[in-house]
Amino acid sequence: MEMIDVRGVGAITGDSVSQTWKRAADDSSDFPKPVKIGGKTLWVKSEIEDYLRRKVEEYRATKQEKRASVFKAARASTARRTGVA
């Protein structure tokens, strides 16, 4: 199991050090929590990667739903204009 520090988390997520700490402190967030080992605060690298994977999947699903909604609205508008369902 690979462990990374706050800078390592930021390198993976693209967040600053302070933003990483804010995410970790937010109890309502599903951001992985760090662990203390030998006086160091570390994250499990695979948990950070899994978190990002979930966020990308959520983003793509939302984008696809929005596209489908726009397409459906456009079809309805065309049907009203042309009288063809």
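These notes cover the structure that comes with them. Quick caveat: nothing in here was measured; it's all calculated off a predicted structure.

### Focus: the nonpolar core
Counting residues in hydrophobic clusters, the biggest one holds eight residues: Ile4, Val6, Val9, Ala24, Phe31, Trp43, Ile48 and Tyr51. Sorting the residues of this core by element identifies helix H1 (6-13) and helix H3 (45-82) as the ones contributing at least two each. Excluding its chain neighbours within four sequence positions, the residues that come into contact with Val9 are Ile4, Thr20, Phe31, Trp43 and Ile48.

### As for the sheet that holds strand E1 (residues 3-4)
Taken in spatial order, the three strands of this open sheet run E1-E3-E2, and their pairing is antiparallel. Each having just a single partner strand, E1 and strand E2 (35-37) make up the two edges of the open sheet. Pairing geometry for E1 and strand E3 (residues 40-44), over two bridges, is antiparallel. Paired with Ile4 across the bridge in E3 is Trp43.

### Focus on the packing of H1 against helix H2 (residues 17-25)
Relative placement of two packed helices is described by the angle separating their axes and the distance separating the axes. Two numbers describe how H1 lies on H2: the axes approach to 9 Å, and their chain directions differ by 95 degrees. Judged on the interaxial angle alone, H2 and H1 are roughly perpendicular. Mapping the contact onto sequence places Val6, Arg7, Val9, Gly10 and Thr13 in H1 and Val17, Thr20 and Trp21 in H2. Classifying every residue of the contact of H1 with H2 by side-chain character gives four nonpolar, three polar and one charged.

Criteria and cut-off values
Residues numbered from 1 in each chain as written. Predicted model: local features only at pLDDT ≥ 70, side-chain atom pairs only at ≥ 80, totals over all residues. Heavy atoms only, no water. Core = buried A, V, L, I, M, F, W, Y, C linked by side-chain atoms within 4.5 Å. Buried < 20%, exposed > 50% of the residue type's maximum accessible area, 1.4 Å probe, protein only. Helix = DSSP H or I, 4+ residues; strand = E, 2+ residues; numbered from the N terminus. Contact = heavy atoms within 4.5 Å. Pairing = 2+ DSSP bridges. Axes fitted to C-alpha atoms, helices over the stretch in contact; angles between N-to-C directions. Parallel < 35°, antiparallel > 145°, perpendicular 65-115°, else oblique. Nonpolar A, V, L, I, M, F, W, Y, C, P; charged D, E, K, R; others polar.

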